[in-house]
Amino acid sequence: VTGLLQAPTTFASLPEVLVEPLRLLGCGVAEDVVLFAKLCRSLLGLLRREAQLWEKPNVRAALCEILQGCLLPACSLLSCNPALSLELWEVLKLLPYDLRCSLYDFWLTGEAASASQQKANSASQGGSANGAAGSSLSGGAGPKERPRPPEVRKCEAEAAHGVKQLLKRISSERKELKQAAKKVAKFAHGNPLVVFDRLLNNAVAYDNQIAPLVECLALMPPLALDCGAFMIVKYLRSGRMGAGTKSAKFEGAVSEWFKNMATFVGAFYALHPEAELRGLLAYLVEKLNEGRTDELIILQELLARVGGSELVEQLTEEQIACFAGGEALRRESIGSLKQPPKKATRTALRDALLLPSTGLPLLTLCSQLRNNILFHGERGKEMKVVGYEYDSATGALLQLINFLGKQKEGYAMILPSFQKLCTSMRVEPQVAFLIARPLLKANLPLAWPDGAAAASSAADGAAAAGDKGEKPPSVGGTGGWCVSASGFRAQVRAVLPESVWESLSMDFYTVFWGLSLQDLEVPRAMYAAKISEFKKAISEKFRRDGARSKEVRAAEKKEEELSAELASQERAKQRTDKLLENLKGQFFDQLPVVTSYRERRAKGENDRDTKGWGV
């Protein structure tokens, strides 16, 4: 009947006016692509211009009803229409992350997410573009489940069958992979969830297909990538249909499917850094908080493949000596990656980890897991299994520190004060110093107290603000981590027992943790060998090709990088020598045990307890 449906005049009335006719129309909106695009743009205007309306429960419920009952099912019926997929993504990306996960779960199963699933999604929600808080799927209204339309199920089954047949013929040849990537993207425009479900099944079953499968994802649209990040977490939570993460052949070993999954996750995020990471990081925090160690391999793969922070086992003596050098020398001598990750890839992972809800929990949980494995683990467990789990936790902790410590200002913002790290978070003092070593090194003055008086007074204010829970002022961009500051030293004295300072000075203790092997030794022989190797390769390739080819330019760039790094290492070594020269008289002179010995020696007493001290 004409005139029954009134045209909405404001954004506030738009969802309530549209929800009833769209509920009747359902997925049939796919028959009119112009209507589909207009609906997406209307909802986009609502979320962008009238963001405060999202706080109203009726508007939120109506908007979720439109998405879950109309637009998402209709997307499954659209046969390879990338433009409409992008229109829908422009709306979805403004929603909170936990709500998007609930919508995807409803789209896949027709059932609303359980309470535990919604709680896990909310833990990983870090805000949205319109500033809305996390919410339930339908805003407290509407049915929790509904029968999925048969036409939607048919399209999903056809897409799953097409991907399955395509994966049977997949190979590692580049020309065929380009064609396969185009075909996979066509299926993923309308049915990204079932496509990723099939891809994950193949990736965990066949390790030799992981690299070709990742190459097939090169042309994925943004909506499909977001759905892929959701499906990875959902697949990990399901445990591959209850198979578990432990190997059935070897006690304590991680199952093969879980290793393959970790490899696929690392390769996926290395290729697509724009994909959502919050859900996966929240999953890792949740599992580590439960005391599980199997998920550490996923964290290690992320840090290695996406962040470029590798942890190589079985090193030779020459490779161990390279740890005294810089990143370029370690990459050329130790690195196992054929190509280091791009800057945009590393930045995306660092931004996701430099948050109080992700980076700090992972650091503290990895450090706490070490003690939990040793003293609170399962009784009767094989010593080899205990050692493997302990090494995994230690390796993940070192990778995290190495990766996050490169961005010192952001790293200082997520770390609490030293005293809070040791008392409230129950991190051992030596591990807390290890976590803070990049910041200690950045705030290490050449001499004190005169040379660092200004930094010390400013750092005292930062340390006091940190203890009160306030935002500390910036001291060289790294907060109150100056080892010469009286405030920082007071925190150290409050954590360690007083008996420690009878035989150990504060200067020696803080300088020890502020310096690293790179400050004390320069592997000149290793640098000279690598530079000579590149010079020889450049001369041979130039003589063979007769021109500066691409390989020659790459070798020249690496040679220049190593030479510049060697000069930087030499300057750092000179600064460290100057620091130790200025402080060597303060390390032991004021210790009570040394003072007492000197007094007795001055009086001419021959105490047998002092023999062999060598002072």
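Remember, predicted model here, so these are calculated numbers, not experimental data.

1. A word on the overall build of the protein chain
And then number 1: Per the secondary structure count, the protein chain includes 29 helices and 0 strands.
And then number 2: Relative to its full complement of 615 residues, the protein chain shows a buried share of 48%.
And then number 3: A fraction of 76% describes how many contacts in the protein chain between residues 6 or more apart in sequence connect residues 24 or more apart.
And then number 4: As presented, the protein chain carries roughly 30900 Å² of accessible surface, and 52% of it is formed by carbon and sulfur atoms.

2. As for the packing of aromatic side chains
And then number 1: Tallied over the full model, the rule gives 17 aromatic pairs.
And then number 2: Relative to phenylalanine 433, the ring of phenylalanine 418 has its centre 4.7 Å away and its plane inclined at 45 degrees; by these criteria the two rings are tilted. Of the two residues, phenylalanine 418 is situated in helix 21 (residues 418-423) and phenylalanine 433 in helix 22 (residues 429-442); the sequence distance between them amounts to 15 residues. The same class applies to phenylalanine 418 as to phenylalanine 433, namely buried.

3. Looking at a nonpolar patch on the surface
And then number 1: Together, Ile320, Phe323 and Leu517 line one region of the surface with nonpolar side chains, adding up to about 280 Å² of accessible area.
And then number 2: Mapping isoleucine 320 onto the fold places it in helix 15 (residues 317-321).
And then number 3: For isoleucine 320, a relative accessible area of 48% puts it in the partly exposed group.

4. What to know about the pattern of salt bridges
And then number 1: For the structure on display, the rule yields 26 salt bridges.
And then number 2: A salt bridge links arginine 48 to glutamate 90, with the shortest nitrogen-to-oxygen separation between them at 3.4 Å. Of this pair, arginine 48 sits in helix 2 (residues 33-49) while glutamate 90 sits in helix 4 (residues 82-92), placing them 42 residues apart in sequence.
And then number 3: A residue is classified by how much of its surface remains accessible, and glutamate 90, at 23% relative accessible area, is partly exposed.
And then number 4: Put simply, arginine 370 and glutamate 428 hold a salt bridge, and the shortest N to O gap is 3.9 Å. Placement of arginine 370 in helix 18 (residues 359-375) and of glutamate 428 in the loop between helix 21 and helix 22 is noted, with a sequence separation of 58 residues between them.
And then number 5: The network of salt bridges with common partners includes Arg100, Asp226, Glu276 and Arg278.

5. A short note on the packing of helix 12 (residues 256-271) against helix 14 (residues 296-306)
Each packed pair of helices is defined by two parameters, the angle between the axes and the distance between the axes.
And then number 1: At a minimum axis distance of 8 Å, the contact between helix 12 and helix 14 shows a crossing angle of 30 degrees. Compared by their axis directions, helix 12 and helix 14 come out roughly parallel. In terms of crossing hand, the pair formed by helix 12 and helix 14 is right-handed. Side by side, helix 12 and helix 14 meet where Phe258, Lys259, Ala262, Thr263, Val265, Gly266, Ala267, Tyr269 and Ala270 of the first sit next to Ile297, Ile298, Glu301, Leu302, Arg305 and Val306 of the second.
And then number 2: Residue classes in the contact of helix 12 with helix 14 are distributed as 10 nonpolar, 2 polar and 3 charged.

6. Here's the deal with the side chain of threonine 510
And then number 1: Relative to the helices and strands, threonine 510 resides in helix 25 (residues 506-514).
And then number 2: In contact with threonine 510, other than residues within four places in its own chain, are Val483, Phe488 and Arg489.

7. Here we look at helix 25
Each turn of an α-helix holds 3.6 residues, which means side chains three or four residues apart point in the same direction.
And then number 1: Helix 25 sits mainly inside the fold: 7 of its 9 residues count as buried.
And then number 2: Considered for burial, the residues of helix 25 that qualify are Met506, Asp507, Tyr509, Thr510, Val511, Trp513 and Gly514.
And then number 3: In this structure, the buried residues of helix 25 make contact with helix 22, helix 24 (486-495), helix 26 (517-520) and helix 28 (550-583).

8. Brief notes about helix 7 (residues 150-168)
And then number 1: When the terminal C-alpha atoms of helix 7 are compared, their 27 Å separation across 19 residues agrees well with the 27 Å that a helix rising 1.5 Å per residue should span.
And then number 2: Every buried residue belonging to helix 7 is among Val152, Cys155, Glu156, Ala159, Gly162, Val163, Leu166 and Leu167, and all of these are buried. The arc that holds every buried residue of helix 7, seen down its axis, measures 130 degrees, which confines them to one face. Away from its buried face, by an angle of more than 90 degrees, helix 7 presents the exposed residues Pro150, Lys154 and Lys168.
And then number 3: Contacts made by the buried residues of helix 7 are with helix 3 (57-77), helix 5 (97-109), helix 8 (174-190), helix 9 (192-205) and helix 10 (210-215).

What counts and what doesn't
Residues numbered from 1 in each chain as written. Predicted model: local features only at pLDDT ≥ 70, side-chain atom pairs only at ≥ 80, totals over all residues. Heavy atoms only, no water. Helix = DSSP H or I, 4+ residues; strand = E, 2+ residues; numbered from the N terminus. Buried < 20%, exposed > 50% of the residue type's maximum accessible area, 1.4 Å probe, protein only. Contact = heavy atoms within 4.5 Å. Areas by Shrake-Rupley, 256 points an atom, 1.4 Å probe, with all protein chains shown as cover. Phe/Tyr/Trp six-rings, centres within 6.5 Å; stacked < 30°, edge-to-face > 60°. Patch = residues over 30% accessible without salt bridge, like charges linked within 9 Å, V, L, I, M, F, W, Y side chains within 5 Å. Salt bridge = Lys/Arg side-chain N within 4 Å of Asp/Glu carboxyl O. Axes fitted to C-alpha atoms, helices over the stretch in contact; angles between N-to-C directions. Parallel < 35°, antiparallel > 145°, perpendicular 65-115°, else oblique. Left-handed = near helix turned anticlockwise from the far one by under 90°. Nonpolar A, V, L, I, M, F, W, Y, C, P; charged D, E, K, R; others polar. Expected span 1.5 Å × (residues − 1). Arc of directions from axis to C-beta.

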